[in-house]
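# Structural overview
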Amino acid sequence: MEPAAGCPAVGGSYPQKNAEILSSQYGINLFLAGLLLTFAWAVHAVGISKSHLLSYLITLMLIQLLWMLWYLCRSCTQRRLIRDKDTHAGARWLKCGITLFAVITLILDSFKIGYYIDFSNCLSPTEGIFPVTHAVHTILQVYFLWCHAKDVIQSFKTLERFGVIHSVFTNLLLWTNGVLTESKHQLNEHKERLITLGFGNITIVLDDHAPQCNCTTTTLCSIFSQGIYYLYPFNIEYHILASTMLYVLWKNIGRKVEHHQQNKTPFKFHGITVGMIFGLIVLTSTIAIVVVYLIQIGGSKIKSELALTMFYLHAIFVLALMCTAGIIALLIYRLEDRSLDNSKNPARKLDAELLVGTAAGSWLLSWGSILAIICAQGHPKYTWYNLPYSVLVIIEKYIQNLFIIESIHREQEKVNDDIKTLRIVTISRGTTLSLNPLYKEIYNGRAARDSNDIPCLFKGSICGRENDGAGVAKEETSQDNSLVTHSASDLSFCSRNSVTNKRRILKNIAAFLFLCNLSLWIPPAFGCRPEYDNGLEEIVFGFEPWIIVVNLAMPFSIFYRMHSAASLFEVNCKT
């Protein structure tokens, strides 16, 4: 009878597994069709224009808007029902981050609308409809993620799977469109910079699809056209963050959630002063380097070489510091004896996969640079700095990934068995008053986990009993109370030292690495890309092959830094 009893459970999960497979295949085909359309527009395929691509994206956004409105309306009608929530998904700081990027994306949309108005005589109507639709889509999507990112959907599961996966790949296609548009602008500037460095033999015709008519207001057109490309990095990060949050929502559909109390992990500045100071120094110096780089590069051959040398030296120093900090953190983890949390957690699993997957983008660029340095026949002086820079990029990401993945998998501190034993012994001796406040501190996670700190207190208590043996009963009671009080103060001292030393170091390292990753996100996001401007890789691999590699790998490299910063912020809160 046992096999028969198990059959309904298997039969019940079978349609849901089919729905998951069908919805994922639907999303992949949706994405591939849009990707091919984007590629066709980029290479000027016959019969394919930008209006076709924008029409496709507008259609996808409208379908997602209808689904989100339906879901929100259904949620309002069932708001009194108790819904399962994934406490690990949709953290508040993540929602705040995506809101910030969304606000800047709305500014970008307003710039696009102004750009369309100025060039309305020769632009397709879809270029005016697209930013309006995108603005509405952004507002509603951010509201949806704020309210429902933690939902574990248990009704209309098949329909919801298709709706959520449609939203995931719609955001991925909007991300792809943003990356392509921003890359085409970077390539035009890159062509000019290579000429100033002396690589005049590289010839390729690049087209940014500029309008074939005059602007009605020259000043505003210049502001809109230049401002758009400075805002694209935030738009790109917004869509990739939205797609990851929606993917976690898709994975949680039909999931059985374990109901347990989730500890809140607020962010506190207390105790991370050192890490913040060093991180802010790195952030400030990086911004200064980027400003000087963008001013100097392309001005002349000498200025361009000095700009590249300055960038490499600064990056080598920062990466070396990050490697050192990561190694220290891993050594502290090796000294601790804490188990890992291996429970099912889609958000945490996705974080780890994204860290390793997106790191492969910069690893690809680094190995390409290393190979170019080895194989090149001539080496300008500044190119030699690229070798330690590329090696450190590989090592730093390797160490940082280990630190972040282990940190997000570590269990929260629990009460030590020796501390519980001390509590029982204390109660049996009738002296609970002196240890009650301290035990609360221990139970709240502020006591040390090092087992060597606790037995010393028992030893002191035992020694005290031997010395009291010859006294009268009243003296023994008095000295016992004194010893327990002394043991309590020793326990407080030991626990606070062991906790604050390890935890403070780890929190400072997490804060420092958080600001360093933000610092290293800024240069490639705002056009400071030595992979483009170095010139040596283009000579070895050829201009077009290397540009293709950079354009494919660079978006993942940029996203890695922002995702690492978000993960390190979470690590700092949990430590």
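Worth saying up front: this structure is predicted, and the values here are computed from it rather than measured. (Residues numbered from 1 in each chain as written. Predicted model: local features only at pLDDT ≥ 70, side-chain atom pairs only at ≥ 80, totals over all residues. Heavy atoms only, no water.)

This part is about the pattern of salt bridges. Enumeration according to the criterion identifies 5 salt bridges in this entry. Between E160 and R74 there is a salt bridge whose closest N-O contact spans 2.6 Å. Here the residue E160 occupies a position in helix 5 (residues 157-196), and R74 occupies one in helix 2 (residues 50-77), the gap between them amounting to 86 residues. With respect to class, E160 is no different from R74; both count as buried. (Salt bridge = Lys/Arg side-chain N within 4 Å of Asp/Glu carboxyl O. Helix = DSSP H or I, 4+ residues; strand = E, 2+ residues; numbered from the N terminus. Buried < 20%, exposed > 50% of the residue type's maximum accessible area, 1.4 Å probe, protein only.)

Another point: empty space enclosed by the protein. Across all of its chains, the model carries 5 cavities of 30 Å³ or more by this definition. Within this model, the largest cavity holds a volume of roughly 350 Å³. Taken together, 29 residues form the lining of the largest cavity, with F311, Y389, V393, L520 and E531 sitting closest to its centre. Sorting the residues of the lining of the largest cavity by element identifies helix 7 (273-296), helix 8 (301-335), helix 9 (346-375), helix 10 (386-409), helix 14 (473-525), helix 15 (530-533) and helix 17 (543-574) as the ones contributing at least two each. Residues that form the lining of the largest cavity fall into these classes: 16 nonpolar, 8 polar and 5 charged. For the second largest cavity, the calculated volume is near 130 Å³. Taken together, 14 residues form the lining of the second largest cavity, with E182, I236, R529, P555 and I558 sitting closest to its centre. (1 Å grid on protein atoms, 1.4 Å probe; cavity = no way out; pocket = protein on both sides within 12 Å on 5 of 7 lines; lining within 4 Å. Points joined across faces, edges and corners; volume = space filled by probe spheres on them. Nonpolar A, V, L, I, M, F, W, Y, C, P; charged D, E, K, R; others polar.)

Turning our attention to the packing of aromatic side chains. Per the counting criterion, the structure on display carries 19 aromatic pairs. Pairing Y71 with F144 gives two aromatic rings, centres 5.4 Å apart and planes at 70°, and the pair type is edge-to-face. Residue Y71 is located in helix 2, and its partner F144 is located in helix 4 (residues 126-148); the two are separated by 73 residues in the primary sequence. Owing to a relative accessible area of 1%, Y71 belongs among the buried residues under this scheme. Plain terms: the ring middles of F101 and F234 are 6.2 Å apart, the flat faces sit at 40° to each other, and that makes the pair tilted. Here the residue F101 occupies a position in helix 3 (residues 92-118), and F234 occupies one in helix 6 (residues 218-251), the gap between them amounting to 133 residues. F234 shares its class with F101; the two are buried. (Phe/Tyr/Trp six-rings, centres within 6.5 Å; stacked < 30°, edge-to-face > 60°.)

Attention shifts here to the packing of helix 2 against helix 4. Between helix 2 and helix 4, the shortest axis-to-axis distance is 9 Å and the interhelical angle comes to 30°. Here helix 2 is positioned roughly parallel relative to helix 4, judged by the angle of their axes. Handedness of the crossing formed by helix 2 with helix 4: left-handed. (Axes fitted to C-alpha atoms, helices over the stretch in contact; angles between N-to-C directions. Parallel < 35°, antiparallel > 145°, perpendicular 65-115°, else oblique. Left-handed = near helix turned anticlockwise from the far one by under 90°.)

The subject of this paragraph is the confidence of the model for the protein chain. Across the protein chain, the average pLDDT comes to 77, with 71% of residues at 70 or higher. Long-range and interchain partners of residues 1-11, a stretch whose pLDDT sits below 50, account for 0 contacts in this model, where long-range means more than four residues apart. This model gives residues 415-473 a pLDDT under 50, and the stretch forms 72 contacts once residues within four places in sequence are excluded. (pLDDT = per-residue confidence, 0-100. Contact = heavy atoms within 4.5 Å.)

Before going further, it helps to examine the packing of helix 3 against helix 4. Axis separation between helix 3 and helix 4 bottoms out at 9 Å; the angle between their running directions is 165°. In terms of axis orientation, helix 3 runs roughly antiparallel to helix 4. Crossing of helix 3 over helix 4 shows left-handed handedness. Judged by residue contacts, R92, K95, C96, I98, T99, A102, T105, L106, D109, K112, I113 and Y116 of helix 3 engage E127, G128, F130, P131, V132, H134, A135, T138, I139, V142, L145 and W146 from helix 4. Looking at the contact of helix 3 with helix 4, its residues break down into 14 nonpolar, 5 polar and 5 charged.

Moving on: helix 10. The end-to-end C-alpha distance of helix 10, which contains 24 residues, comes to 35 Å, matching closely the 34 Å that a straight helix rising 1.5 Å per residue would cover. Judged by how many residues are buried, helix 10 sits mostly within the fold: 17 of 24 residues are covered. (Expected span 1.5 Å × (residues − 1).)

Now for the environment of Q141. Relative to the helices and strands, Q141 is located in helix 4. On a C-alpha basis, the gap between Q141 and L246 in space is 10.0 Å, while along the polypeptide they are 105 residues apart. Not counting chain neighbours up to four residues away, the residues in contact with Q141 comprise Q64, M68, N171, Y238, A242 and L246.

F144, F311, M322, Y389, F403 and L513 are the most contacted members of the largest nonpolar core, which totals 120 residues. Among the elements that make up this core, the one with the highest residue count is helix 6 (16 residues). Each of domain 1 (16-80 + 89-256) and domain 2 (268-411 + 498-574) contributes no fewer than three residues to this core. Setting aside residues up to four positions removed in sequence, L513 forms contacts with M322, A325, Q400, F403 and L568. (Core = buried A, V, L, I, M, F, W, Y, C linked by side-chain atoms within 4.5 Å. Domains from an automatic or database assignment.)

On the surface, a cluster of nonpolar side chains totalling about 400 Å² of accessible area is made up of V274, I277, F278 and I281. Its relative accessible area of 51% is what places V274 among the exposed residues. (Patch = residues over 30% accessible without salt bridge, like charges linked within 9 Å, V, L, I, M, F, W, Y side chains within 5 Å. Areas by Shrake-Rupley, 256 points an atom, 1.4 Å probe, with all protein chains shown as cover.)

Moving on, we come to the side chain of T383. With respect to the helices and strands, T383 occurs in the loop between helix 9 and helix 10. Taking relative accessible area as the criterion, T383 reaches 1% and is therefore assigned buried. Ignoring anything within four residues of it in the chain, the contact list for T383 reads I373, N534 and L536.

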